[in-house]
There are 2 protein chains.
Amino acid sequence: MMSGGQFELFQKLLSNVNQNSLFYKEKFEKNGIKVEDIKAPEDIKNIPFTTKEELRDAYPLGLQAVSDEKVVRIHSSSGTTGKPIIIPYTAQDVEDWAVMMARSFEIAGVTPLDRVQITPGYGLWTAGIGFQAGVEKLGAMAVPMGPGNTDKQLQMMMDLKSTVIIGTSSYALVLAEEVERRGIRSEIKLRKGVIGSERWGEKMRQRIKNELSIEIYDIYGLTEIYGPGIGIDCDCHEGMHYYDDYLYFEIIDSETGEVLPEGETGELVITTLRKEGAPLVRYRTRDLTRIISGKCRCGRTYPRIDRIIGRTDDMVKVKGVNIYPGQIDEVLKEVEGASSEYQILIDHINGKDVMTLKVEYNSDGDTDRSDIEDNIVDIFKKRIGIQIIAEVSGIGSLPRSEKKSRRIIDYRHC
Amino acid sequence: MMSGGQFELFQKLLSNVNQNSLFYKEKFEKNGIKVEDIKAPEDIKNIPFTTKEELRDAYPLGLQAVSDEKVVRIHSSSGTTGKPIIIPYTAQDVEDWAVMMARSFEIAGVTPLDRVQITPGYGLWTAGIGFQAGVEKLGAMAVPMGPGNTDKQLQMMMDLKSTVIIGTSSYALVLAEEVERRGIRSEIKLRKGVIGSERWGEKMRQRIKNELSIEIYDIYGLTEIYGPGIGIDCDCHEGMHYYDDYLYFEIIDSETGEVLPEGETGELVITTLRKEGAPLVRYRTRDLTRIISGKCRCGRTYPRIDRIIGRTDDMVKVKGVNIYPGQIDEVLKEVEGASSEYQILIDHINGKDVMTLKVEYNSDGDTDRSDIEDNIVDIFKKRIGIQIIAEVSGIGSLPRSEKKSRRIIDYRHC
Ligand SMILES: [Zn+2]
Ligand SMILES: [Zn+2]
């Protein structure tokens with residue numbers, strides 16, 4: 001699994017942070033970790049994880065592992081709650097990130113002739129400037145719009161004949177809807193969309209794809225690990241390639257912390273093999289995915305992870321099995337007559353977990369209600385491994401919510 | 001005035017744009033300009049100016065003078081009225097600009113140990129990313145805030161111990177006032193301010209300087225010519241050094257178009273000697289300044305221009321003499337007892353221009369009113385060369401306006 005070259009970089013990283021990062025020196029000391037004890041890839045599992053909370057506690061610059069002269073920039077997570085996380089970058093970090101981003105664009109088929117409209121924000125955020133650096137390194141043309149101002153976005157898109165759009169799925173949908181509403185689709189020259197890999201539904205994907213006539217590429221990243229651009233879809237769309245020459249990925253059971261066998265879904269843990277400003281060892285991303293085995297049909301040797309299926313915070317454990325909203329979507333897609341609107345109720349009755357999956361009819365389905373219910377139960381059992389109760393109801397009968405996680409109501413802890 | 005090296009670059013530029021820029025090929029043809037006729041520096045005056053209107057008319061990409069593959073970015077002027085101006089950049093242009101910006105920071109005494117808080121906007125604007133590229137090239141630490149969110153700005157300023165603030169004079173004033181209001185001055189570690197060189201009053205400058213305890217450096221630039229960073233104050237504060245290895249500056253009479261002798265105030269005209277994406281020949285900036293003769297006391301050999309005294313749009317001609325708001329400020333500073341609040345009335349009576357300068361008392365002045373009036377008339381005559389009428393009135397008697405140009409009321413065209 002881990003190449004010799006990767007392990008060498010891992011060992012170098014450990015001795016680097018043990019020497020230059022007060023954060024890790026203290027952490028290793030507290031946990032009785034001796035860098036020289038990590039002699040083989042199988043020893044890595046003994047190194048404690050690094051968590052988001054620890055990064056927050058290191059505010060403002062506790063993660064810095066180089067002298068002040070070497071830091072050329074900081075970025076920061078938006079910090080919805082509590083202190084933000086601040087990540088310092090060296091010039092080499094900025095360059096390495098741009099190399100990965102340019103590589104990502106190349107994998108998505110972007111060329112120096114493309115005109116790439118960048119709609120995410122700049123400043124403390126990693127998104128805007130990260131995308132722009134990659135576009136420029138590739139030699140395509142950056143149209144640096146930043147967020148909002150849909151009128152101007154569409155004007156520039158038409159006037160400059162932008163061929164690639166970068167943004168969140170929700171903003172891409174706004175643009176798609178406006179293009180349709182204004183009837184300007186023939187004036188839009190987009191051919192590709194590079195969309196930040198949050199969890200988003202298949203329907204939304206199809207709508208953006210169809211209304212803008214573009215091919216969509218999921219791009220992965222997080223502020224703590226450079227920013228966006230550390231992984232992306234290729235034309236095969238069978239997972240996102242990531243860059244094992246810069247990063248080491250592990251998948252763990254987010255409850256036990258145990259490393260899972262290749263192919264199993266769990267929490268993604270990333271180690272930065274070359275980062276200087278703020279190197280991270282075994283960082284728990286809270287993102288749920290799996291490593292996809294085997295070589296991609298595109299021929300590239302960069303390994304792959306699956307689309308992000310959710311966040312560890314959204315996960316529920318029922319009858320000892322971890323369930324993620326993304327898995328429910330997958331099941332429902334297979335059931336004829338079932339829509340993608342659902343709600344989950346979990347209860348604990350007579351010492352046993354009971355899960356009820358409420359689903360709405362599909363608008364154009366004429367399958368029998370009890371057939372759909374039987375089907376859901378069967379496929380759920382087959383795919384996820386547990387017995388549930390299915391209840392199919394009319395369209396509009398379930399509450400709508402933006403956040404998939406809100407669709408799960410867990411009575412067990414009430 | 002023009003060095004041999006500069007003229008060589010100028011000639012190369014001319015043959016480049018004559019070959020690769022449709023914009024200039026057509027312009028030269030229309031004006032009967034043959035590139036081979038420009039044989040010596042004195043021939044330059046025969047080349048027609050390039051105006052802001054022409055740049056607007058070239059929307060969207062009519063200025064582009066390289067093939068599409070070579071363009072890595074565009075920037076755009078905000079375009080308050082009419083079409084915006086779009087400027088395409090090659091990778092070399094981006095690099096050249098960063099070199100000039102890093103040089104500007106160096107001249108302002110910024111070092112790799114400084115932490116530079118960047119408050120201008122990113123995206124289509126040149127400011128944010130232009131400053132950031134220079135900070136990073138110098139090796140200082142960029143704190144990329146972007147505009148607004150004063151709470152967060154001050155928090156980061158304290159937590160990250162920012163030492164340099166970059167912004168407009170008006171936003172610097174907002175920050176200065178908030179620092180005072182919150183009583184957090186001892187927690188602010190700023191030592192320098194790099195302030196975009198719009199016209200701004202001496203009082204505002206002193207207030208920002210005192211309340212933030214910083215040394216202020218005026219930085220010059222415009223979107224059409226890279227962006228900010230093409231000129232800056234040194235520690236002597238006797239004009240802004242600009243980079244004659246990248247740019248050729250001329251000062252013209254904005255009415256006649258005649259090139260003015262060194263030292264005289266007029267409109268700044270810039271030729272880009274190395275720009276690839278959108279080279280400009282004799283571009284009329286509409287900025288009023290003068291070239292400062294002689295070598296700077298700092299020892300640097302880069303030539304200097306004076307602070308921007310105003311815009312050609314703000315200029316009025318009285319009795320055949322051009323007057324700019326900035327000149328009025330200069331006169332009033334010399335007059336004891338006069339404040340900087342003034343209003344100008346211009347009339348045409350019996351075939352002659354009559355200019356009345358209304359000025360408020362200075363708050364703590366106890367000089368006699370008519371003495372002040374006599375003084376103003378004398379100094380105005382000496383500095384600007386025309387006879388005026390001065391009227392001194394009480395504090396608060398004149399209307400307040402943000403824009404200096406609104407203080408001039410010209411009845412001649414009513
Ligand atoms: Zn592939
Ligand atoms: Zn100097």
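- For chain A, the name recorded in an unreviewed UniProt entry is Phenylacetate-coenzyme A ligase, with Ruminiclostridium sufflavum DSM 19573 as its organism.
- Under Pathway (unreviewed entry), UniProt gives the following word-for-word description of chain A: "Aromatic compound metabolism; phenylacetate degradation."
- Listed under Sequence similarities (unreviewed entry) in UniProt, the entry text for chain A is "Belongs to the phenylacetyl-CoA ligase family."

1. Quick look at unusual backbone geometry
Now for step 1: At the junction of Y59 of chain A and P60 of chain A, the peptide bond is cis and its omega measures out at -5° in the coordinates.
Now for step 2: Look at R286 of chain B: it is not a glycine, yet its phi comes out positive at around 70°.
Now for step 3: Mapped onto the elements, R286 of chain B comes out in strand β12 (residues 283-289).
Now for step 4: Non-glycine residue K319 of chain B carries a positive phi angle of around 50°.
Now for step 5: For K319 of chain B, the position within the fold is in the loop between β16 (316-318) and β17 (321-323).
Now for step 6: A relative accessible area of 38% places K319 of chain B in the partly exposed class.

2. What to know about the relation of the copies chain B and chain A
Now for step 1: Superposing chain B onto chain A takes a rotation of 180° combined with a translation of 0.0 Å along the rotation axis, leaving an RMSD of 0.1 Å. One copy is carried onto the other by what is essentially a two-fold rotation axis. The position closest to the rotation axis in chain B is occupied by the C-alpha of Y122 of chain B, lying 3.1 Å away.
Now for step 2: Most of the interface of chain B is mirrored in chain A, where 100% of its interface residues again form contacts.

3. Points about the side chain of Q64 of chain B
Residues and elements named next belong to chain B.
Now for step 1: Considering the arrangement of structural elements, one finds Q64 in the loop between α3 (52-57) and β1 (71-76).
Now for step 2: Note on Q64: relative accessible area 12%, which makes it buried.
Now for step 3: A distance of 2.8 Å separates the side chain of Q64 from the side chain of D68, its partner in a polar contact.
Now for step 4: Look past the residues within four positions of Q64 in its chain and what remains in contact with it is N20, V71, P88 and G277.

4. Some thoughts on empty space enclosed by the protein
Now for step 1: In the structure shown here, the tally under the stated rule is four cavities of 30 Å³ or more.
Now for step 2: Space inside the largest cavity adds up to approximately 40 Å³.
Now for step 3: Lining the largest cavity, in full, are Q64, D68 and V71 of chain A together with P112, L113, D114, R115 and M141 of chain B.
Now for step 4: The calculated volume of the second largest cavity comes to roughly 40 Å³.

5. Examining the coordination of the zinc ion (ligand 1)
Residues and elements named next belong to chain A.
Now for step 1: The zinc ion (ligand 1) binds to the protein through C234 (SG), H241 (NE2), C296 (SG) and C298 (SG); the donor distances cover 2.1 to 2.3 Å.
Now for step 2: One way to put it: the four donor atoms around the zinc ion (ligand 1) meet at angles of 101 to 120°, and that makes the site tetrahedral.
Now for step 3: Sequence spacing among the residues donating to the zinc ion (ligand 1) works out to C-x6-H-x54-C-x1-C. On the criterion of sequence distance, the pair formed by H241 in strand β9 (residues 240-242) and C296 in the loop between β13 (291-292) and β14 (304-305) is long-range, its members being 55 residues apart.
Now for step 4: Its relative accessible area of 0% is what places H241 among the buried residues.

6. Some details on the coordination of the zinc ion (ligand 2)
Residues and elements named next belong to chain B.
Now for step 1: Donor atoms from the polypeptide that bind the zinc ion (ligand 2) are C234 (SG), H241 (NE2), C296 (SG) and C298 (SG), placed at 2.1 to 2.3 Å.
Now for step 2: Its four donor atoms give the zinc ion (ligand 2) angles of 102 to 119° at the centre, a pattern that matches the tetrahedral case.
Now for step 3: In terms of primary sequence, the donors binding the zinc ion (ligand 2) are separated according to C-x6-H-x54-C-x1-C. Within this pair, whereas H241 is found in strand β9 (residues 240-242), its partner C298 is found in the loop between β13 (291-292) and β14 (304-305), the two being separated by 57 residues in sequence.
Now for step 4: For C298, a relative accessible area of 29% corresponds to the partly exposed category.

7. Section: the interface of chain B and chain A
Now for step 1: If you look at the interface, chain B gives 32 residues, while chain A gives 32 residues.
Now for step 2: Carbon and sulfur atoms make up 63% of the surface buried where chain B meets chain A, a total of about 2,900 Å² over both sides.
Now for step 3: By the criterion of area lost to chain A, the three top residues of chain B are V72, L124 and E136 of chain B, representing 16% of everything that side buries.
Now for step 4: Remark: the boundary between chain B and chain A carries four salt bridges.
Now for step 5: Salt-bridge contacts for R73 of chain A lead to E136 of chain B; the nearest nitrogen and oxygen are separated by 2.6 Å.
Now for step 6: Of all the secondary-structure elements, those providing two or more residues to the side of chain B that touches chain A are β1, α5 (127-138), β4 (141-144) and α6 (150-159) of chain B.
Now for step 7: Of the residues that constitute the side of chain B that touches chain A, the class distribution is 22 nonpolar, three polar and seven charged.

8. Quick notes on the pattern of salt bridges
Now for step 1: Inspection of the entire model under this criterion finds 56 salt bridges over all chains.
Now for step 2: The closest approach of N and O atoms between R286 of chain A and D313 of chain A, which form a salt bridge, is 3.9 Å. Within this pair, whereas R286 of chain A is found in strand β12 (residues 283-289), its partner D313 of chain A is found in the loop between β15 (310-311) and β16 (316-318), the two being separated by 27 residues in sequence.
Now for step 3: Given a relative accessible area of 52%, D313 of chain A falls into the exposed group.
Now for step 4: The shortest N-O distance in the salt bridge between R284 of chain B and E267 of chain B comes to 2.6 Å. Within this pair, whereas R284 of chain B is found in strand β12, its partner E267 of chain B is found in strand β11 (residues 266-272), the two being separated by 17 residues in sequence.
Now for step 5: Judged by its relative accessible area of 2%, E267 of chain B falls in the buried class.
Now for step 6: Residues joined in a network through salt bridges with shared partners are E53, R286, D287, R311 and D313 of chain A.

Calculation notes
Residues numbered from 1 in each chain as written. Chains lettered and ligands numbered in written order. Predicted model: local features only at pLDDT ≥ 70, side-chain atom pairs only at ≥ 80, totals over all residues. Heavy atoms only, no water. UniProt positions renumbered as here; feature names shortened; annotations may be inferred. Helix = DSSP H or I, 4+ residues; strand = E, 2+ residues; numbered from the N terminus. Buried < 20%, exposed > 50% of the residue type's maximum accessible area, 1.4 Å probe, protein only. Least-squares fit on C-alpha atoms with pLDDT ≥ 70 in both. Contact = heavy atoms within 4.5 Å. Polar contact = N/O pair within 3.5 Å; in protein donor to acceptor, adjacent residues only side chain to side chain. 1 Å grid on protein atoms, 1.4 Å probe; cavity = no way out; pocket = protein on both sides within 12 Å on 5 of 7 lines; lining within 4 Å. Points joined across faces, edges and corners; volume = space filled by probe spheres on them. Donors = N, O, S within 2.8 Å, 3.2 Å for Na, K, Ca; no water. Tetrahedral: all angles 85-135°; square planar, octahedral: opposite > 155°, others 65-115°. Buried area = accessible area lost by both parts, 1.4 Å probe. Salt bridge = Lys/Arg side-chain N within 4 Å of Asp/Glu carboxyl O. Nonpolar A, V, L, I, M, F, W, Y, C, P; charged D, E, K, R; others polar.

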